[in-house]
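Descriptive structure summary
As a plain string of letters, each chain reads:
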Amino acid sequence: MESKAGPSCRLVFCLLISAAVLRPGLGWYTVNSAYGDTIIMPCRLDVPQNLMFGKWKYEKPDGSPVFIAFRSSTKKSVQYDDVPEYRDRLSLSENYTLSISNARISDEKRFVCMLVTEDNVFEAPTIVKVFKQPSKPEIVSQAPFLETEQLKKLGDCISKDSYPDGNITWYRNGKVLQPLEGVVVLIFKKQMDPVTQLYTMTSSLEYKATKADIQMPFTCSVTYYGPSGQKTLQSEQAIFDIYYPTEQVTIQVLPSKNAIKEGDNITLKCLGNGNPPPEEFLFYLPGQPEGIRSSNTYMLTDMRRNATGDYRCSLIDKKSMIASTAITVHYLDLSLNPSGEVTKQIGDALPVSCTISASRNATVVWMKDNIRLRSSPSFSSLHYQDAGNYVCETALQEVEGLKKRESLTLIVEGKPQIKMTKKTDPSGLSKTIICHVEGFPKPAIQWTITGSGSVINQTEESPYINGRYYSKIIISPEENVTLTCTAENQLERTVNSLNVSAISIPEHDEADEISDENREKVNDQAKLIVGIVVGLLLAALVAGVVYWLYMKKSKTASKHVNKDLGNLEENKKLEENNHKTEA
């Protein structure tokens with residue numbers, strides 16, 4: 001329950017005010033608050049057991065008190081005095097902490113918490129400080145330009161709504177500008193709004209510029225105090241145009257590059273190093289003694305190799321201030337035969353030539369589908385994999401950016417070719433039929449089944465690579481069937497059929513189509529097998545010859561033994577046996 005304090009309360013309080021004492025150990029206490037925040041002031045007194053009520057006041061500049069809040073210890077009621085500046089802004093808690101919402105500059109006062117007993121009054125003072133952060137400083141009233149050797153106002157740095165007031169500092173390229181007679185002049189002033197009591201700070205800068213100030217950033221900052229101490233806010237950069245007279249003329253070739261080739265459009269640009277720069281110049285072309293009056297640019301279109309020479313420009317009113325540049329026009333010719341899009345049939349021959357004519361030695365590079373080739377392409381018999389986009393590219397050595405290229409898009413066409421294979425699944429429950437197709441443009445494949453049977457899954461196709469791909473189908477025929485594969489492109493329609501026995505009848509599986517890479521592996525394996533067989537045959541032949549020589553030597557030894565014994569009949573029998581052995 002809240003109400004205004006009555007006369008009786010004031011009377012009781014007045015009887016006790018003369019006995020008010022400051023609790024020992026409680027000195028000055030300061031509460032810092034930001035402008036617009038809520039000020040929170042704890043009472044800082046221990047609540048006595050015989051407390052009657054608590055009260056808050058603030059002191060005017062002349063020391064007279066103004067009571068603003070009252071809280072009874074028995075009724076637990078809160079009463080706020082009718083002080084216009086604190087109307088609807090106060091809140092007094094049970095522990096006698098006073099809160100003031102929406103802090104203002106006028107809240108900077110000495111507040112006192114008072115706890116009243118039957119025989120005593122205890123006080124605890126609190127000093128309130130309110131701080132307002134100023135606005136971000138801005139450089140206003142900026143000069144459109146600065147002139148060398150002239151002291152001129154650069155601009156004003158302004159920061160608004162600060163409390164307390166702050167200081168402004170100027171910077172050039174991040175370094176503080178100090179006052180210097182005739183070069184840097186600073187004028188600072190501050191104003192306080194009588195209603196809000198907030199300060200506006202302004203600092204004017206007069207500055208004598210030099211050419212060193214070109215593109216130099218100027219900034220300013222405001223230093224102020226907040227609840228947590230000193231802080232600084234920086235302005236945005238300001239860069240000023242610096243005026244100075246022309247001292248030198250230069251000529252440029254645009255676009256800027258190391259080499260100019262035939263057919264290029266270039267622009268000559270003449271510049272004076274003054275600011276503002278001269279707007280008109282005289283341009284001198286090779287072989288022309290009279291200058292051509294123009295703005296600071298002069299355009300030359302479709303440059304030719306005979307345009308090589310010296311190009312010059314000068315000021316209109318000071319022809320002795322002149323600049324020149326040498327221009328060399330390089331050329332490079334390339335002829336590719338054939339070029340563009342070429343369509344050939346598989347197996348055809350196609351000669352290709354790339355002829356170069358250039359002002360210097362040129363390098364030639366061949367590319368196929370963005371992959372560099374080791375040598376120039378040559379086709380005696382075209383294959384599907386020869387199709388692609390060929391580029392002959394040439395460049396002049398030591399001349400950057402001078403390149404030419406011609407392209408050949410080779411299309412290799414062929415009528416559809418079909419090969420069909422079949423294979424029985426190891427489980428014996430299905431058969432896989434594959435239709436291998438070769439041709440370009442890519443032939444469309446269509447299956448036809450004659451007879452009964454069921455398709456176990458959908459037709460599956462492989463990727464189309466180098467003019468080849470396949471389509472396969474899995475069936476479980478209950479009786480003999482015929483599968484027909486039709487391949488058709490823009491050139492021709494080709495049909496092939498394959499008889500497939502019922503799943504219950506075993507039959508010879510046909511080998512799958514062998515790719516070029518696998519075919520090479522198979523050939524290598526066949527060569528290895530043939531080598532092994534030949535080696536075994538040679539080893540057997542050598543063994544036979546060795547055995548024959550051994551038997552011949554044994555026969556000769558036997559003859560000598562029989563002669564020594566003189567037994568003619570036994571010798572004859574031995575000879576007969578030897579003849580049989582030889583046979």
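Look up: the structure comes first, before these words.
Residues numbered from 1 in each chain as written. Predicted model: local features only at pLDDT ≥ 70, side-chain atom pairs only at ≥ 80, totals over all residues. Heavy atoms only, no water.

**Quick notes on the pattern of salt bridges**
For side chains bearing opposite charge, pairing can occur when the charged atoms are close. Summed over all chains, the structure comprises 22 salt bridges. Where R305 meets D333, a salt bridge forms, and the shortest distance between an N and an O atom there is 3.9 Å. Of this pair, R305 sits in the loop between β28 (297-300) and β29 (309-315) while D333 sits in strand β32 (residues 332-337), and the two are 28 residues apart along the sequence. Since its relative accessible area comes to 35%, R305 is described here as partly exposed. Between R468 and E438 there is a salt bridge, with its nearest N and O atoms 2.8 Å apart. (Salt bridge = Lys/Arg side-chain N within 4 Å of Asp/Glu carboxyl O. Helix = DSSP H or I, 4+ residues; strand = E, 2+ residues; numbered from the N terminus. Buried < 20%, exposed > 50% of the residue type's maximum accessible area, 1.4 Å probe, protein only.)

**Considering the state of the cysteines**
Disulfides are covalent bonds that link the sulfur atoms of two cysteine residues. Applying the stated criterion to the full structure yields 5 disulfides. Paired through a disulfide, C157 and C220 show a sulfur-sulfur distance of 2.0 Å. Looking down the S-S bond of the C157 and C220 bridge, the torsion is 75°, so its handedness is right-handed. Of the two residues, C157 is situated in strand β14 (residues 151-162) and C220 in strand β19 (residues 217-226); the sequence distance between them amounts to 63 residues. Residue classification places C157 among the buried residues on the basis of a relative accessible area of 0%. Among the residues examined, C220 registers a relative accessible area of 0% and is labelled buried. (Disulfide = S-S within 2.5 Å.)

**Some words on the environment of A238**
You can see A238 is positioned in strand β21 (residues 238-239). Aside from chain neighbours lying at most four places away, what touches A238 is I139, Q142, M216, P217 and F218. (Contact = heavy atoms within 4.5 Å.)

**Regarding the side chain of K132**
If you trace the backbone, K132 turns up in the loop between β11 (121-131) and β12 (138-140). Buried charge K132 goes without a salt bridge, the closest partner of opposite sign being D161 at 5.0 Å. For K132, the side chain forms a polar contact with the main-chain oxygen of D161, separated by 3.2 Å. If sequence neighbours within four positions are ignored, K132 has contacts with Y35, D161, S162, Y163 and L198. (Lys, Arg positive; Asp, Glu negative; His and termini not counted. Polar contact = N/O pair within 3.5 Å; in protein donor to acceptor, adjacent residues only side chain to side chain.)

**Looking at the sheet that holds β14**
If you trace the 4 strands from one edge of the open sheet to the other, you get β12-β14-β18-β17, paired in antiparallel fashion. Whereas interior strands pair on both sides, the edge strands pair on one side only; in this sheet they are β12 and β17 (184-192). Averaged over neighbouring strand pairs, the angle between their axes works out to 25° when direction is ignored. As paired elements, β17 and strand β18 (residues 199-208) share 9 bridges and run antiparallel to each other. (Pairing = 2+ DSSP bridges. Axes fitted to C-alpha atoms, helices over the stretch in contact; angles between N-to-C directions.)

**Observations concerning the packing of aromatic side chains**
Scanning the entire structure with this criterion turns up 11 aromatic pairs. With a centroid separation of 5.8 Å and an interplanar angle of 75°, the aromatic rings of F218 and F240 are classed as edge-to-face. Of the two residues, F218 is situated in strand β19 and F240 in the loop between β21 and β22 (242-243); the sequence distance between them amounts to 22 residues. Judged by relative accessible area, which is 1%, F218 ranks as buried. For F240, a relative accessible area of 5% translates into the label buried. Members of the aromatic cluster, connected to one another through ring pairs, are Y58, Y86 and F111. Over the face of the ring belonging to Y469 we find K442, whose NZ or CZ atom lies 4.7 Å from the ring centre. (Phe/Tyr/Trp six-rings, centres within 6.5 Å; stacked < 30°, edge-to-face > 60°. Lys NZ or Arg CZ within 6 Å of the ring centre and 35° of its normal.)

These figures capture arrangement, not role.
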